[in-house]
Amino acid sequence: MSEHQHGDNCGCGHDHDHDHDHEEHVFIVTDDEGQEREMVMVYTFESEDKAYAVLLDRNDPEADGVIFRFEEENEETFLVGIEDDAEWDRVTAIYEEIARVENESQQ
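These lines cover the structure that appears in this document, whether it is placed above or below. (Residues numbered from 1 in each chain as written. Predicted model: local features only at pLDDT ≥ 70, side-chain atom pairs only at ≥ 80, totals over all residues. Heavy atoms only, no water.)

Of the regular secondary structure elements, the chain holds one helix and five strands. In the chain, the order of α-helices and β-strands from amino to carboxyl end is β-β-β-β-β-α. Counting over 107 residues, the chain shows a buried share of 27%. Here the analysis covers contacts within the chain between residues at least 6 apart in sequence; of these, 37% occur between residues at least 24 apart. (Helix = DSSP H or I, 4+ residues; strand = E, 2+ residues; numbered from the N terminus. Buried < 20%, exposed > 50% of the residue type's maximum accessible area, 1.4 Å probe, protein only. Contact = heavy atoms within 4.5 Å.)

For the rest of this paragraph, the subject is unusual backbone geometry. Residue Glu48 is not a glycine yet carries a positive backbone phi of 50 degrees. Unlike most non-glycine residues, Asn74 shows phi in positive territory, near 50 degrees. Residue placement: Asn74 occurs in the loop between strand E4 (66-73) and strand E5 (76-80). Owing to a relative accessible area of 68%, Asn74 belongs among the exposed residues under this scheme.

Turning our eyes to something else, we now look at the sheet that holds E5. Pairing is antiparallel in the open sheet, where five strands are placed in the order E1-E2-E3-E4-E5. Two strands lie at the open edges of the sheet, namely strand E1 (26-30) and E5, each paired on one side alone. Taken over all neighbouring pairs, the strand axes of this sheet differ in orientation by 45 degrees on average, direction set aside. Here E4 runs beside E5; their pairing, made up of five bridges, is antiparallel. Bridge pairing links Glu73 to Glu76 in E5. Across the sheet, helix H1 (residues 85-106) is in contact with strand E2 (36-47), strand E3 (50-57) and E4; its angle to E2 comes to roughly 85 degrees. (Pairing = 2+ DSSP bridges. Axes fitted to C-alpha atoms, helices over the stretch in contact; angles between N-to-C directions.)

Before going further, it helps to spend a moment on the packing of aromatic side chains. The final tally for this structure, using the stated rule, is four aromatic pairs. Ring geometry for Tyr43 against Phe45: centres 6.5 Å apart, planes inclined by 45 degrees, an arrangement best described as tilted. Residue Phe45 is classed as buried on the basis of its relative accessible area, which comes to 1%. Geometrically, the ring pair formed by Phe45 and Tyr95 is stacked, given 6.2 Å between the ring centres and 20 degrees between the ring planes. Of this pair, Phe45 sits in strand E2 while Tyr95 is found in helix H1, placing the two residues 50 residues apart along the sequence. (Phe/Tyr/Trp six-rings, centres within 6.5 Å; stacked < 30°, edge-to-face > 60°.)

Moving on, we get to the nonpolar core. Ranked by size, the top nonpolar core spans 12 residues in total: Val40, Val42, Tyr43, Phe45, Tyr52, Val54, Leu56, Ile67, Ile82, Val91, Tyr95 and Ile98. If you tally residues by element for this core, the top one is E2, at four residues. Not counting chain neighbours up to four residues away, the residues in contact with Val91 comprise Phe45, Tyr52, Ile67 and Ile82. Counting residues in hydrophobic clusters, the runner-up holds five residues, among them Met39, Met41, Leu55 and Phe68. (Core = buried A, V, L, I, M, F, W, Y, C linked by side-chain atoms within 4.5 Å.)

With respect to the secondary-structure elements, Glu87 resides in helix H1. What makes Glu87 buried here is its relative accessible area of 8%. A polar side-chain atom of Glu87 sits 2.8 Å from a polar atom in the side chain of Arg69. Glu87 has contacts with Lys50, Tyr52, Arg69 and Ile82, leaving out every residue within four places of it along the chain. (Polar contact = N/O pair within 3.5 Å; in protein donor to acceptor, adjacent residues only side chain to side chain.)

Take it as geometry only, folks, not as evidence of what the structure does.
Structure follows, in structure tokens:
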């Protein structure tokens, strides 16, 4: 499992009022209405030999995060939406458990 990449309002309960040398991973994502949004990767994890990323809207960090799957093609890595309902249910349950455990450990 990958290390949590903290960001403002990532929901992990971690104190962000101090300096870190974090490299911010920003992606431009087009939503269903064709609007482009800057999304920041705040967490990565693996399930069933696949890697996933949780992204938050950079301009609306209070909004729910979005989970994407990493895919590789010709030695390039892409983020793709998860369209399979069973896969979506599995990864959202995993992320919710990770967030719950991390929030409990921060209290």
